[in-house]
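Commentary on secondary and tertiary structure
Residues per chain are reported as follows:
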Amino acid sequence: MRRSAVRGVTVATVATALVLGSPLAAQAATYPSDSTTPDLVSLLNGYDQYWTSSGGNDLHGTVNDPATLAKNDQLTSWINQHATTAQQFRALQDAEYDNTARTAYDQSFTVSQGLGAELSKLFVDGRHAGELPLTDALIKSTGGTSGGYVNTGDAKAHYSYPRPYLPSDTAATLPAGDDTVNCNPAKINASSLAANRTGKAWADAKGNLTITRVPATTDTTHEFSPNDVVLDAGYGQKGICTGGSYPSGHTTTAYQAGITLATLVPELAPEILARASEAGNDRIVLGVHYPLDIMGGRIDGEAALAARWSDTQYRTEVLEPARAELTKYLEAECGDTLANCIAAEQPYTDDPYGGQAMPGGTAQVVTDRASAAQVYRERMTYGFAQTGTAGLAPSVPTGASNLLLSTFPTLTDAQREQVLAQTEIASGYPLDQSGTANGSWERLDLAAATSATVAVGADGTAKVVSTGGQARVVSGVLTAPEGTSVQAGKTLALAGTGLPAGATLQVVLHSDPVVVGTLTVGADGTATGSVVIPADAAVGAHTLDLVDASGTSVLVSPLAITVTAAPSQGGSTGGTGTASGTGATGTVPAGVHLPVVSG
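Keep in mind the model is a prediction, meaning the values are calculated, not measured.

1. What about the state of the cysteines?
A full pass over the atoms with the stated rule returns 2 disulfides. Disulfide partner of Cys183: Cys241, at an S-S distance of 2.0 Å. The sign of the -80 degrees torsion about the S-S bond sets the Cys183-Cys241 disulfide as left-handed. One end of the pair, Cys183, is in the loop between α8 (153–159) and α9 (194–197); the other, Cys241, is in helix α10 (residues 238–241), and 58 residues separate them in sequence. With respect to burial, Cys183 and Cys241 carry one shared label: buried. Linked covalently through their sulfurs, Cys334 and Cys341 form a disulfide whose S-S length is 1.9 Å. Negative torsions about the S-S bond denote left-handed disulfides, and the value of about -115 degrees found for Cys334 with Cys341 makes this one left-handed.

This is how it looks when you write it as structure tokens:
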């Protein structure tokens, strides 16, 4: 044992139970969704296209698609070989499962880095101090009603695919310290993959995949626990070496925790989801899983949380109270509104490979929300070729739209489904089930959907205008009837529809937000007028927003305009911006900057 018995169940025991998909303690059914967990074998059966197991849960089977499984190997070896030392440490942190004494931590703690540096610390401290009991009971990976909702045991046994670090050579030497009975290469091996690996640049002459084990260490940072915590990938443990690779149980847990937290704090959902994707990717860093396993784990987490959010009783009695508890706590500890705390936050970042680009991909560097959403999307497919039918219509699974309830509470279920449909990735990538009764969880891009600007038309149709920014819903439309190109210092005519009747709205020029005029809306929700573009406005592309009196609520999708150079002799100084709407006129000094404007 790696820990004293007085500290409760050992990490090896907990990890073995969870890797095999067996919860440590069954929970009595209280809510409808407790007894109707998603059928993971059915949801993940796109894997049958690539591999057919022997049916004996012995890690042997038949390769059906050599090219896709070779790509799976190549990416796994590259990620394992190119991860930075810092990323290897984070991978070990993401591999940790808490013990019954609660002296360690799990993915429900590590994915909280998506909240940002200070809010993550508050979240961790609050859980350890017992100040977030509803949140903790909901999100924790062992016994959490959402964080530990589904297990992968049946799916792992059904697909029974050998892990990357297992030798293809049955005569390979067992590493020192490994379980000599249960992890012996003579029995536990990847020999079914030997022929597909031999001769590849990422394997040796006997078909053993090039994988380096990350050594165990002790986490003394106290970032996620007040205690020193032993971190061990568990390569030589029975539960790891004999447990099937597909799907990843750790990734399933990470996404259950990550999607839970993203729905509790939707203001930071894209960053939290990107951090969950990092936790999944870290299983590849350790060499214990492949990209296809991680994609399957994401599907598990999506389906799990959709089932929970679709359960009205569970949503109102568990999820929503936890969200209220967490918001109240974060605001009290931060000392401001959550929006202001987030604005002052140091956001989640990551550079897993020291700037080196993956084969067929990017370096997956996260620096801000837009890059977080981009990295999340890249990890949805890992650059695999489309092995299924391309060009199919969107295929949003039943209940998936409920994952957007906290992000877009004012939209209807049909409108939220439209958002998911418009932000989906293309069909045909591995594990896609477009057109089936299950729908396609693989295509669901939650990072894009939770960072979308959505315009609602007069007919009630939701249209995604952009992604990668602040999630918002706009009902108005702003146009430039005389054209969107304007000289600096000159007047630009505007017209708006679908606006709040009687409101006086500010016209804001971006990217350095500056109020250039106002529009007053008539009783019919329309407004017309003009504004003067400042003479010192930079030449090039800009956008115009209409915002309410608070200066924070954007009411239209941004209007893209082009500012051209002013004439060399004279011209307007842009001293005053004017606008009128349905007979009313307003003025505002040009150059007035807004303290907070969404754009």
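2. So, the side chain of Ser108
Within the secondary structure, Ser108 is located in helix α5 (residues 107–110). Owing to a relative accessible area of 0%, Ser108 belongs among the buried residues under this scheme. Polar contacts involving the side chain of Ser108 include one to the side chain of Asp106, which spans 2.4 Å. A polar contact of 2.9 Å, which involves the side chain of Ser108, links it to the side chain of Arg127. Excluding its chain neighbours within four sequence positions, the residues that come into contact with Ser108 are Phe123, Arg127, Ile139, Lys140, Ser141 and Ala257.

3. Structural notes on the packing of helix α13 (residues 291–310) against helix α16 (residues 369–381)
For any two helices packed against each other, one specifies the inter-axial angle together with the distance between the axes. Two numbers describe how α13 lies on α16: the axes approach to 8 Å, and their chain directions differ by 110 degrees. The angle between the axes of α13 and α16 places the two elements in the roughly perpendicular class. Residue-level contacts link Met295, Arg298 and Glu302 of α13 to Tyr376, Arg379, Met380 and Thr381 of α16. Partitioned by chemical class, the residues of the contact of α13 with α16 number 3 nonpolar, 1 polar and 3 charged.

4. Examining the sheet that holds strand β8 (residues 477–479)
Within the open sheet, the 3 strands sit side by side as β8-β10-β13. Their pairing is antiparallel. Unpaired on one side and paired on the other, β8 and β13 (527–532) mark the two borders of the sheet. For this sheet the average axis-to-axis angle between neighbouring strands, irrespective of direction, equals 25 degrees. Bridge count for strand β10 (residues 491–497) against β13 is 6 bridges, and the pairing is antiparallel. Pairing of Gly496 across the sheet is with Ala527, part of β13.

5. Some remarks on the environment of Ile342
Along the chain, the position of Ile342 falls in helix α15 (residues 338–343). Beyond its immediate sequence surroundings of up to four residues, Ile342 is in contact with Leu119, Glu267 and Leu268.

6. Points about the pattern of salt bridges
Inspection of the entire model under this criterion finds 18 salt bridges. A salt bridge links Asp350 to Arg90; the nearest nitrogen and oxygen atoms lie 3.8 Å apart. Of this pair, Asp350 sits in the loop between α15 and α16 while Arg90 is found in helix α4 (residues 85–94), placing the two residues 260 residues apart along the sequence. Assessed through its relative accessible area of 6%, Asp350 is described here as buried. Classification of Arg90 as buried rests on a relative accessible area of 17%. Between Arg298 and Glu442 there is a salt bridge whose closest N-O contact spans 2.5 Å. In this pair, Arg298 sits in helix α13 while Glu442 sits in the loop between α17 (413–423) and α18 (446–449), placing the two residues 144 residues apart along the sequence. In this pair, the class of Arg298 matches that of Glu442, namely buried.

7. Regarding the pairing of strand β6 (residues 462–466)
Sheet topology places strand β5 (residues 453–456) next to β6; 4 bridges connect them, and they run antiparallel. Within β6, the residue paired with Val456 across the bridge is Ala462. With antiparallel pairing between neighbouring strands as the criterion, β5 and β6 make up a hairpin whose turn holds 5 residues, including Gly460 at a positive phi of roughly 85 degrees.

The rules we used
- Residues numbered from 1 in each chain as written.
- Predicted model: local features only at pLDDT ≥ 70, side-chain atom pairs only at ≥ 80, totals over all residues.
- Heavy atoms only, no water.
- Disulfide = S-S within 2.5 Å.
- Helix = DSSP H or I, 4+ residues; strand = E, 2+ residues; numbered from the N terminus.
- Buried < 20%, exposed > 50% of the residue type's maximum accessible area, 1.4 Å probe, protein only.
- Polar contact = N/O pair within 3.5 Å; in protein donor to acceptor, adjacent residues only side chain to side chain.
- Contact = heavy atoms within 4.5 Å.
- Axes fitted to C-alpha atoms, helices over the stretch in contact; angles between N-to-C directions.
- Parallel < 35°, antiparallel > 145°, perpendicular 65-115°, else oblique.
- Nonpolar A, V, L, I, M, F, W, Y, C, P; charged D, E, K, R; others polar.
- Pairing = 2+ DSSP bridges.
- Salt bridge = Lys/Arg side-chain N within 4 Å of Asp/Glu carboxyl O.

No statement about biological role is implied by the geometric values presented.
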